[in-house]
Amino acid sequence: MKQIGIYTNKLFSEYPEELFLLIQLLSSNNKIIYINDNIYNNLMSKKEIFPFKENIIPYKNLNKIKNNIDLLISIGGDGTFLEGIHYIYENQIPVLGINSGRLGFLANINITETEKAIKKILQGKYEIETRTMIELSGEHIFDNDNIALNEFTIHKLDTSSMISIELHINKQHVNTYLADGLIVSTPTGSTAYSLSAGGPIVHPSSKSLIITPIAVHNLNVRPLIIPDNFIVSLKVTGRSEHCMISLDYRSKAVPINSYFTITKYKKCLHLLNIHPFNYFSTLKNKLLWGADKRN
């Protein structure tokens, strides 16, 4: 990995030392580094304090340099990670998430462990894991990018009455939900919105999709796990004129009576994990399992 891009939407002043350290490590090992032009300008102003080699290239739009990089490092929370991957998932560039946010299932390297993580990458002590993504099609979808790593959600727009969501799987009617909304999640997204709505935790290597209703009116309804090669179709109706849809970090209002189809995307996201990596250890750490001595 010779050329490395750094993506962040956070204010530079929130983590200057860790970011400087990251750039110094990469620069001293003769890596070509692409960074946001705002961060680049800050680096130039502090060069006497944090010296580095002249192998850093500023960019205004990550999309324009995606063909040049071998690795993307996202610095922020999971939201930043999700934003960053939408520039590079088509190129299947590996992504490393460094967490300066709160929970961080995707950005699972704590920012205080930046030096240790980068040294392991330089030593080749990492693995590339593939993660399933989904594709949205139908009416009133997003203009350019309709791919998600975590989930697609239909939600009522305001405090009005519930919406009705008709679910078909492989063209067969399964259920009609009277609820605040419905989530169609990948295994990666099972620890995101779906989890907070009562959905199950699913291992990322599971070849499945999770369908989780939000505040459903019928207590007999439960989350549903299906194979990821199945086709999920949804129709939303209700008393309001609009509802809300979201696809990872993007959202928009759409007319009631819209149709949507969710399928497995043809490509996977490539996620870089540092050795040793164990998904269950991540769960324990992030969800504080075992923190209660009775467990």
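The rules behind the values
- Residues numbered from 1 in each chain as written.
- Predicted model: local features only at pLDDT ≥ 70, side-chain atom pairs only at ≥ 80, totals over all residues.
- Heavy atoms only, no water.
- Helix = DSSP H or I, 4+ residues; strand = E, 2+ residues; numbered from the N terminus.
- Rg over C-alpha atoms; globule rule 2.2 N^0.38 Å.
- Buried < 20%, exposed > 50% of the residue type's maximum accessible area, 1.4 Å probe, protein only.
- Contact = heavy atoms within 4.5 Å.
- Areas by Shrake-Rupley, 256 points an atom, 1.4 Å probe, with all protein chains shown as cover.
- Core = buried A, V, L, I, M, F, W, Y, C linked by side-chain atoms within 4.5 Å.
- Salt bridge = Lys/Arg side-chain N within 4 Å of Asp/Glu carboxyl O.
- Polar contact = N/O pair within 3.5 Å; in protein donor to acceptor, adjacent residues only side chain to side chain.

## Looking at the overall build of the protein chain
- Looking only at helices and strands, one finds six helices and 20 strands in the protein chain.
- Taking 2.2 N^0.38 as the reference for a compact globule, 295 residues should give roughly 19 Å; the C-alpha atoms of the protein chain span a radius of gyration of 21 Å, in line with that estimate.
- Projected onto its principal axes, the C-alpha positions of the protein chain cover 65 × 50 × 35 Å.
- Counting only residues that meet the buried cut, the protein chain has 47% of its 295 residues in that class.
- If you take every contact in the protein chain between residues at least 6 apart in sequence, the share linking residues at least 24 apart comes to 67%.
- Surface summary for the protein chain: the accessible area is close to 14300 Å², and the carbon and sulfur share equals 49%.

## Things to note about the nonpolar core
- Core analysis: the largest hydrophobic core is formed by 29 residues, its most contacted members being Phe152, Ile154, Val232 and Leu234.
- Here the element with the most residues in this core is strand 11 (residues 163–169); it accounts for four residues.
- Once residues lying within four places of it in the same chain are set aside, the contact partners of phenylalanine 152 are Ile134, Leu136, Leu182, Ile183, Val184, Leu234, Ile245, Ser246, Leu247, Phe260 and Ile262.
- Core analysis: the second largest hydrophobic core is formed by 26 residues, Leu19, Ile35, Ile109 and Ile121 among them.

## Let's talk about unusual backbone geometry
- The omega angle of the peptide bond from histidine 275 to proline 276 is -15°, so this bond is cis rather than trans.
- If you trace the backbone, proline 276 turns up in the loop between strand 20 (269–274) and helix 6 (279–287).
- Of note, alanine 215 is a non-glycine position whose phi angle comes to about 50°, a positive value.
- Position of alanine 215 among the secondary structure elements: in the loop between strand 14 (208–214) and strand 15 (224–227).
- One non-glycine residue, aspartate 248, lies in the positive phi region at around 55°.
- Summarising the element assignment, aspartate 248 is placed in the loop between strand 17 (242–247) and strand 18 (250–255).
- The class of aspartate 248 is buried, set by a relative accessible area of 9%.

## Re the environment of leucine 269
- Within the secondary structure, leucine 269 sits in strand 20.
- Under the relative-accessibility criterion, leucine 269 is labelled buried at 2%.
- Counting along the chain gives 144 residues from leucine 269 to lysine 125, while the straight-line C-alpha distance between them is 20 Å.
- What leucine 269 contacts, discounting residues up to four positions off in sequence, is Phe81, Ile85, Tyr89, Val95, Glu129, Thr130, Arg131, Met133 and Leu149.

## Some words on the pattern of salt bridges
- Following the criterion strictly, the structure yields six salt bridges and no others.
- For the salt bridge of aspartate 180 with lysine 156, the shortest nitrogen-to-oxygen distance reads 3.4 Å. With aspartate 180 in the loop between strand 12 (172–179) and strand 13 (181–185) and lysine 156 in strand 10 (residues 151–156), this pair connects stretches of sequence that are 24 residues apart.

## Notes on the side chain of serine 185
- In this fold, serine 185 is placed in strand 13.
- Note on serine 185: relative accessible area 0%, which makes it buried.
- At 3.3 Å, the side chain of serine 185 and the backbone nitrogen of serine 190 are in polar contact.
- Those residues in contact with serine 185 that sit more than four places away from it in its chain are Asn150, Glu151, Ser190, Ser194, Leu209 and Ile210.

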